[in-house]
Amino acid sequence: MFDASTYRSRRRTLIDQECPQSGVVLLLGNQRSPRNYPDNSHPFRQDSTFLYYFGLDRPDLYGLIDLDAGTSTLYGEDGSLEDAIWSGEQPSLRDEAAAAGIESVAPVSELEEVLTTARSDERALHFLSPYRAEHRLRLESLLGIRTEQLDASVSEPLIRAVVRQRSVKTEAEIDQIETAVERTVRLHEYAQRYATPGTPEREILAGMTRLVAAAESAFSFTPTCSVRGEVLHNHSYPNTLAEGDLLLVDAGATSPLHYAGDITRVIPVGGAFSARQRAVYEAVLAAQSAAIEALAPGVPFKEIHLLAARTLTEHLIEIGLMRGDPEAAVDAGAHALFFPHGLGHMMGLDVHDMESLGENYVGYADDQTRSEQFGLHTLRLARPLQPGFVATVEPGCYFIPPLVERWRDERRHASFINYDRVEDFLGLGGVRLEDDVLITKDGARVLGPALPKSPAQVEARAGSAVGA
Ligand code: GLY
Ligand code: MN
Ligand code: MN
């Protein structure tokens, strides 16, 4: 945990500055999530907003903040003797609460009474969007709101307040993210060193899993480790690496306090890019470099996304995959055949930070409307940047057979896309380069230790541990 004053001051800021509303804020901690029966659960992960304000990392807790009285209360139960026997002795809830600066602790039955009174007094009840079924059921019973009405009843002022607070990272949070990114770099170094022809994808994943476990860390999301890098969230690992493949690894580790890292690298299996692979790799690298260079406070991330798209398009024109004016091609959305996702997202306690609160609240300013254009529609972060934001910068270029087939049949953007040339690149897979950046007062800083990225560096690193 951070020290008690951190959590106290986060709650104080919420009460005094960020959520100047009346009523009570109810934050739900997570329960254990059973895999197949209650005693056999997935590793516990606390709700991130609960963790942010209340700091306690154990299941079955509720936090209540009274915005009028200015008080915070933690609701939960002490572990039973049975719990001590099966799971080991736990500190008392009161001691844990004190470590998070919470003086008031009560059993859950009292929460039910307090909420019943608040409802009969017609006080405003502020809660966030539930993303787990258990939370929906709990909110229904605690607040008397039917589950189908819950989404319409979430508190927009609370969402906006939480987003404002969690978006700007403090020094202590940045330290945590640096640790997460450093651990993430170690995963990628492993993958780069051990990616050799004949190695199963699963073996690379297994090595990264060992590093995560040995560091008492966790993956911040399900990793992609695949020679089929054109499948954007590829979570299967059935292939064996062959000379000439491109292995795309998108993986991240967490810090001790659960902050995330999220990096993507691509490795030429066998140690040498083909001419086509190198051209595509350099196009993505140029797009990422231009984007990182342009990051600064006040600049809308949407502009950075479009800059990356234009830079990529210029290179794709040189390669012969596209043609015409790059700016016009990007305006039309033609580049999205190759780059169908957004340039990046906020990162913090969640790898896609605060996504459960609503992507547009997190990533878009009030005067920005999310585009419906294919590709741009998945841009999660568009708003002007501020010092203290942490985000990813992750352009990519993919050759996705069903997408190419569909667009080619429709002759979509045929004036900008050279479909005959695209056919030659099918089978190349995908290239994405992703790093994590902190927006500073006058620019941006890439977080974590350096990780090979230039074509020469990744060629030199590819498979270097084997036979060395
Ligand atoms: N790792 C998922 C992403 O890059 O957003
Ligand atoms: Mn990623
Ligand atoms: Mn990412």
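Below is a summary of the structure that appears in this document.

The rules behind each value
- Residue indices follow the written sequence of each chain, beginning from 1 at its first position.
- Going through the entries in the order they are written, you letter the chains from A and number the ligands from 1.
- This being a predicted model, a pLDDT of at least 70 is required before a residue's local features are given, and a value of 80 or more before pairs of side-chain atoms are given or counted; all residues contribute to the totals for chains, interfaces and linings.
- Heavy atoms from the whole structure form the basis of all side-chain values; hydrogens and water molecules are not counted.
- For two strands to be treated as a pair, DSSP must find no fewer than two bridges joining them.
- To qualify as a helix, a DSSP run of H or I must reach at least 4 residues; to qualify as a strand, a run of E must reach at least 2; elements of each kind are numbered from the N terminus.
- Orientation is described by lines fitted to C-alpha atoms, with helices fitted over the stretch in contact, and by angles between N-to-C directions that extend from 0 to 180 degrees.
- Contacts between residues were defined by any pair of non-hydrogen atoms, one from each residue, lying within 4.5 Å.
- What counts as a salt bridge is simple: a side-chain nitrogen of Lys or Arg found within 4 Å of a carboxyl oxygen of Asp or Glu.
- Using a 1.4 Å probe on the protein chains alone, a residue whose accessible area is under 20% of its type maximum counts as buried, one over 50% counts as exposed, and one in between counts as partly exposed.
- Sites may look incomplete because water is not among the atoms; the donors themselves are N, O and S atoms within 2.8 Å of the metal, or within 3.2 Å for Na, K and Ca.
- Buriedness of a pocket was judged along seven lines, with at least five required to meet protein on both sides within 12 Å; pockets are open sets of points on a 1 Å grid over the protein atoms alone, cavities are sets where a 1.4 Å probe fits but cannot get out, and lining residues have an atom within 4 Å of a point.
- Grid points are joined across faces, edges and corners, and a volume is the space filled by probe spheres set on the points.
- For this classification, the nonpolar set comprises Ala, Val, Leu, Ile, Met, Phe, Trp, Tyr, Cys and Pro, the charged set comprises Asp, Glu, Lys and Arg, and every other residue, Gly included, is treated as polar.
- If an angle is under 35 degrees, it is roughly parallel; if it is over 145, roughly antiparallel; if it lies from 65 to 115, roughly perpendicular; otherwise it is oblique.
- Crossing handedness is read from the near helix: turned anticlockwise from the far helix by less than a right angle, it gives a left-handed crossing, and turned clockwise, a right-handed one.

1. Looking at the sheet that holds strand S9 (residues 246–251)
Backbone-to-backbone hydrogen bonds join strands into a sheet, with any given pair of strands oriented parallel or antiparallel.
Inference 1: The strand order across the open sheet formed by three strands is S8-S9-S10, and the pairing between neighbours is antiparallel. The open sheet has two edge strands with one neighbour each: strand S8 (224–226) and strand S10 (263–268). On average, each strand axis in the sheet is tilted by 15 degrees relative to the strand beside it, whichever way the strands run.
Inference 2: Note: S9 against S10, six bridges, orientation antiparallel. Along S10, the bridge assignment pairs Leu247 with Ile267.
Inference 3: In the packing of helix H9 (residues 171–194) onto the sheet, the strands contacted are S9 and S10, and the crossing angle to S10 comes to about 15 degrees.

2. Section: the pattern of salt bridges
Inference 1: Considering all chains together, one arrives at 30 salt bridges under this definition.
Inference 2: Note that Asp250 is salt-bridged to Arg432, the shortest N-O span being 2.9 Å. With Asp250 in strand S9 and Arg432 in strand S13 (residues 430–432), this pair connects stretches of sequence that are 182 residues apart. The exposure classification of Asp250 matches that of Arg432, with both residues buried.
Inference 3: Overlapping salt bridges, with partners in common, bring together Arg166, Lys169, Asp350 and Asp353 in one network.

3. So, unusual backbone geometry
Inference 1: One non-glycine residue, Asp60, adopts positive backbone phi at about 70 degrees.
Inference 2: Checked against the element boundaries, Asp60 lands in the loop between helix H2 (48–54) and strand S4 (62–66).
Inference 3: Under the relative-accessibility criterion, Asp60 is labelled partly exposed at 43%.
Inference 4: A positive phi angle, close to 80 degrees, is found at His258, a residue other than glycine.

4. Here's the deal with the coordination of the manganese ion (ligand 3)
Inference 1: Distances from the manganese ion (ligand 3) to its protein donors, namely Asp262 (OD), His345 (NE2), Glu394 (OE) and Glu434 (OE), fall within the range 2.0 to 2.2 Å.
Inference 2: Taken in sequence order, the residues that donate to the manganese ion (ligand 3) follow the motif D-x82-H-x48-E-x39-E.
Inference 3: Between the manganese ion (ligand 3) and the manganese ion (ligand 2), both coordinated by Asp262, there is a metal-metal distance of 3.2 Å. Here Asp262 is found in the loop between S9 and S10, whereas its partner Glu394 is found in the loop between strand S11 (390–393) and strand S12 (396–398), with 132 residues between them in sequence.
Inference 4: For Glu394, a relative accessible area of 9% translates into the label buried.

5. Some points on the coordination of the manganese ion (ligand 2)
Four donors placed tetrahedrally around a metal ideally meet at 109.5 degrees, and six donors placed octahedrally ideally meet at 90 or 180 degrees.
Inference 1: For the manganese ion (ligand 2), every protein donor is listed as Asp250 (OD), Asp250 (OD), Asp262 (OD) and Glu434 (OE), and the spread of their distances is 2.0 to 2.5 Å.
Inference 2: The sequence pattern describing where the donors of the manganese ion (ligand 2) fall on their chain is D-x11-D-x171-E.

6. Quick notes on the layout of surface pockets
Inference 1: Each pocket or cavity is described by its volume, and for the largest pocket that value is around 940 Å³.
Inference 2: Around the largest pocket sit 32 residues that line it, and Arg45, Gln46, Arg132, Ser220 and Asp350 are the ones nearest its centre.
Inference 3: Residues of the lining of the largest pocket, tallied by class, amount to nine nonpolar, 15 polar and eight charged.
Inference 4: Its boundaries defined by the atoms lining it, the second largest pocket holds a volume of some 700 Å³.
Inference 5: Among the elements that make up the lining of the second largest pocket, the one with the highest residue count is helix H3 (residues 81–87) (four residues).

7. A closer look at the environment of Val422
Inference 1: Along the polypeptide, Val422 turns up in helix H16 (residues 419–425).
Inference 2: For Val422, a relative accessible area of 0% corresponds to the buried category.
Inference 3: Considering only alpha carbons, one finds Val422 and His315, 107 residues apart in sequence, at a separation of 14 Å.
Inference 4: When near neighbours in sequence (up to four residues on either side) are disregarded, Val422 contacts Leu321, Phe338, Phe399, Val404 and Ile417.

8. Observations concerning empty space enclosed by the protein
Inference 1: The final tally for this structure, using the stated rule, is three cavities of 30 Å³ or more.
Inference 2: Each pocket or cavity is described by its volume, and for the largest cavity that value is around 130 Å³.
Inference 3: What lines the largest cavity is a set of 14 residues, and nearest its centre among them are Leu28, Asp47, Leu128, Ser129 and His135.
Inference 4: If you list the elements that add at least two residues to the lining of the largest cavity, you get strand S1 (24–28) and helix H6 (133–143).
Inference 5: If you tally residues by element for the lining of the largest cavity, the top one is S1, at three residues.
Inference 6: Its residues placed into classes, the lining of the largest cavity shows nine nonpolar, four polar and one charged.
Inference 7: Approximately 80 Å³ is the volume attributed to the second largest cavity.
Inference 8: Lining the second largest cavity are His345, Met346, His352, Asp353, Met354, Glu355, Glu359, Val362, Gly363, Arg380 and Leu381.
Inference 9: Grouping the amino acids of the lining of the second largest cavity by side-chain chemistry returns four nonpolar, three polar and four charged.

9. Comments concerning the packing of H9 against helix H10 (residues 201–214)
Inference 1: With their axes 9 Å apart at the nearest point, H9 and H10 run at an angle of 150 degrees to one another. If you check the angle between H9 and H10, you find them roughly antiparallel. Taken as a pair, H9 and H10 cross one another with a handedness that is right-handed. Contacts between H9 and H10 pair Arg186, Leu187, Tyr190, Ala191 and Tyr194 from the former with Glu203, Ile204, Gly207, Met208, Leu211 and Val212 from the latter.
Inference 2: Partitioned by chemical class, the residues of the contact of H9 with H10 number eight nonpolar, one polar and two charged.

Remember that the coordinates give geometry; whether it matters functionally is a separate question.
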